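# Survey of secondary and tertiary structure
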Amino acid sequence: MTLSPLNIALWAINLETPLKSLSDWIEITSHRMEQAKEQGADLLLMPEYVSEQWMSFAPAGIGPDEEIPWMATQAAEAIDLLKVLATTHDMGLLAGTFPVAIDTRDKISDSPVNDNSGYYNRAHLFLPDGRYITQDKLCLTPNEQDPQAWCLTPGNKVQIFTWRNLRIAILICLDIEMPALSSLIANHDIDLILVPSMTSKLAGYNRVFGCAKARAIELQAAVAAVGPIGATHFFGTKRQNQTSAAAVYIPCEESLGHIGVATEISPTDTTVGQGPLIVAKDIDLGEIRRLRNGSAEVWPGAWNADHVVVEED
C-alpha cells in the first residue's frame, strides 16, 4: 500500500497569552490552523493541558482541587467547537488534552483505577472526515494523583486507529516514557505516535522528548511531541513556567537522513506571542514502514529471548 508523505504542524502554545473566553481560545486555534494549513500541514498537534490557559477566564476563588472539575465543565462546548474547526480547515487537529468527567458507563466495576476521582486527562483528536477520537492518559504524575490538587483517574487502554492508511496511537506525556507501553503496541505495526505533553522543568522535557526519540527507533515509527511554554496568569498571579518545545522524531536510518530528527526546536520556558509553530514536511511514512517490515539496518525488534535469568550472589 502506497502512503503519501505527511506534514505535521506542532504548536508549542504560550500559556502566558491571556484569554477572555472559550470562544477567544477557539478563534486563536482556528487562526493557528489556518497558518499551519498555509504551510501545507495535514495535522496540527497541540500540547497536554491546553485547558490550563482557560484558567485566565475561570471564576474567582477556585481552589486547586476545583480546577479540574471547572475545566471539565468547559469540555462539551470545546469539543463541539473543535469538531467544526477540523472540517472547516480540512485538516486533522489533536487539540492537546483537557479533562472530562468520567461517564459511569465507561467504568469497570472491578478495576482499582476507578476508585480515584471522577475525571480523565483526555486527548481529543478531530479528523476532517468527521471522526472524533480520544485517548485517556494511562500513567499519571504525582500532582495528577494528589487528592488536594488535581486527583485524576488513569485510563485503562491504548486505542490504535487508522487515518490516511496510517496506524496511529496517542501516548500522553509520561505514557511515552513507559517501555511496557512500547512493548504493548510493538506488534501492532504503528506508523505514527502523537505525544501531547506538559513539563515544568528541563529534566521533564528531556525525559519525555528523549523517550519519544527512543520510541521512534525501537518501534521504527514517527513520533511527534509538543508541550506548552511559559505560565498562565490566574487572577493576576503568574504560575510556574512550563519548559518544553516541539519535535518529530523518525528512525535513525540512512534513507531518512541518519539523525532521527525530522524537525525540532530547542526547549525554553519563555516565549512571545502565541508560541512557536513549526511544520515537519514530507515525513516519509511509506519508507519508515518499509524499513520496519525488514529493511532497516538494525531492526531492534529482532530478538528471541523469552525470559530473564537472575543470578543471585
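Heads up: these notes are all about the structure in this document. (Residues numbered from 1 in each chain as written. Predicted model: local features only at pLDDT ≥ 70, side-chain atom pairs only at ≥ 80, totals over all residues. Heavy atoms only, no water.)

Grouped together as the largest cluster of nonpolar side chains are 60 residues, with contacts concentrated most on Leu10, Ile193, Leu194 and Ile283. With six residues, the single largest contributor to this core is helix α5 (residues 202-219). The residues contacting Ile283, other than those within four sequence positions of it, are Pro5, Leu6, Ile8, Ala222, Val248, Ile250 and Ile288. Counting 45 residues, the second largest nonpolar core, distinct from the first, contains Leu44, Tyr49, Ile62 and Leu140. (Core = buried A, V, L, I, M, F, W, Y, C linked by side-chain atoms within 4.5 Å. Buried < 20%, exposed > 50% of the residue type's maximum accessible area, 1.4 Å probe, protein only. Helix = DSSP H or I, 4+ residues; strand = E, 2+ residues; numbered from the N terminus. Contact = heavy atoms within 4.5 Å.)

Under the defined criterion, the tally for this structure stands at 10 salt bridges. Across the pair Asp191 and Arg292 runs a salt bridge whose closest N-O atoms are separated by 2.7 Å. Of this pair, Asp191 sits in the loop between α4 (179-185) and β8 (192-196) while Arg292 is found in helix α6 (residues 285-295), placing the two residues 101 residues apart along the sequence. The pair Asp191 / Arg292 is uniform in exposure class, with both members buried. Each of Asp189, Asp191, Arg289 and Arg292 takes part in salt bridges that share partners, so that together they form one network. (Salt bridge = Lys/Arg side-chain N within 4 Å of Asp/Glu carboxyl O.)

Moving on to the pairing of strand β5 (residues 132-136). Here strand β4 (residues 119-126) runs beside β5; their pairing, made up of five bridges, is antiparallel. Looking at the pairing, Leu125 lines up with Ile133 of β5. The antiparallel hairpin formed by β4 and β5 contains five residues in its connecting segment, where Gly130 sits at a positive phi of about 100°. (Pairing = 2+ DSSP bridges.)

The subject of this paragraph is the layout of surface pockets. Size it by volume and the largest pocket reaches roughly 640 Å³. Along the wall of the largest pocket there are 28 residues; nearest its centre are Thr141, Asn143, Met198, Ser200 and Gln242. Looking at the lining of the largest pocket, the element that brings in the most residues is α5, giving three residues. Residues belonging to the lining of the largest pocket are distributed by class as follows: 11 nonpolar, eight polar and nine charged. (1 Å grid on protein atoms, 1.4 Å probe; cavity = no way out; pocket = protein on both sides within 12 Å on 5 of 7 lines; lining within 4 Å. Points joined across faces, edges and corners; volume = space filled by probe spheres on them. Nonpolar A, V, L, I, M, F, W, Y, C, P; charged D, E, K, R; others polar.)

Strands sit in the order β6-β7-β8-β9-β12-β13 across an open sheet of six strands; the sheet is mixed. Looking at strand neighbours, the two that pair on one side only are β6 (160-163) and β13 (261-264), the edges of this open sheet. Between one strand and the next, the sheet's axes are offset by a mean angle of 20°, whatever the strand orientation. Note that β8 and strand β9 (residues 222-226) share five bridges and pair parallel. Directly across from Leu194, in β9, lies its bridge partner Ala224. Sheet contacts for α5: β8, β9, β12 (246-249) and β13; angle to β12, the most-contacted strand, approximately 15°. (Axes fitted to C-alpha atoms, helices over the stretch in contact; angles between N-to-C directions.)

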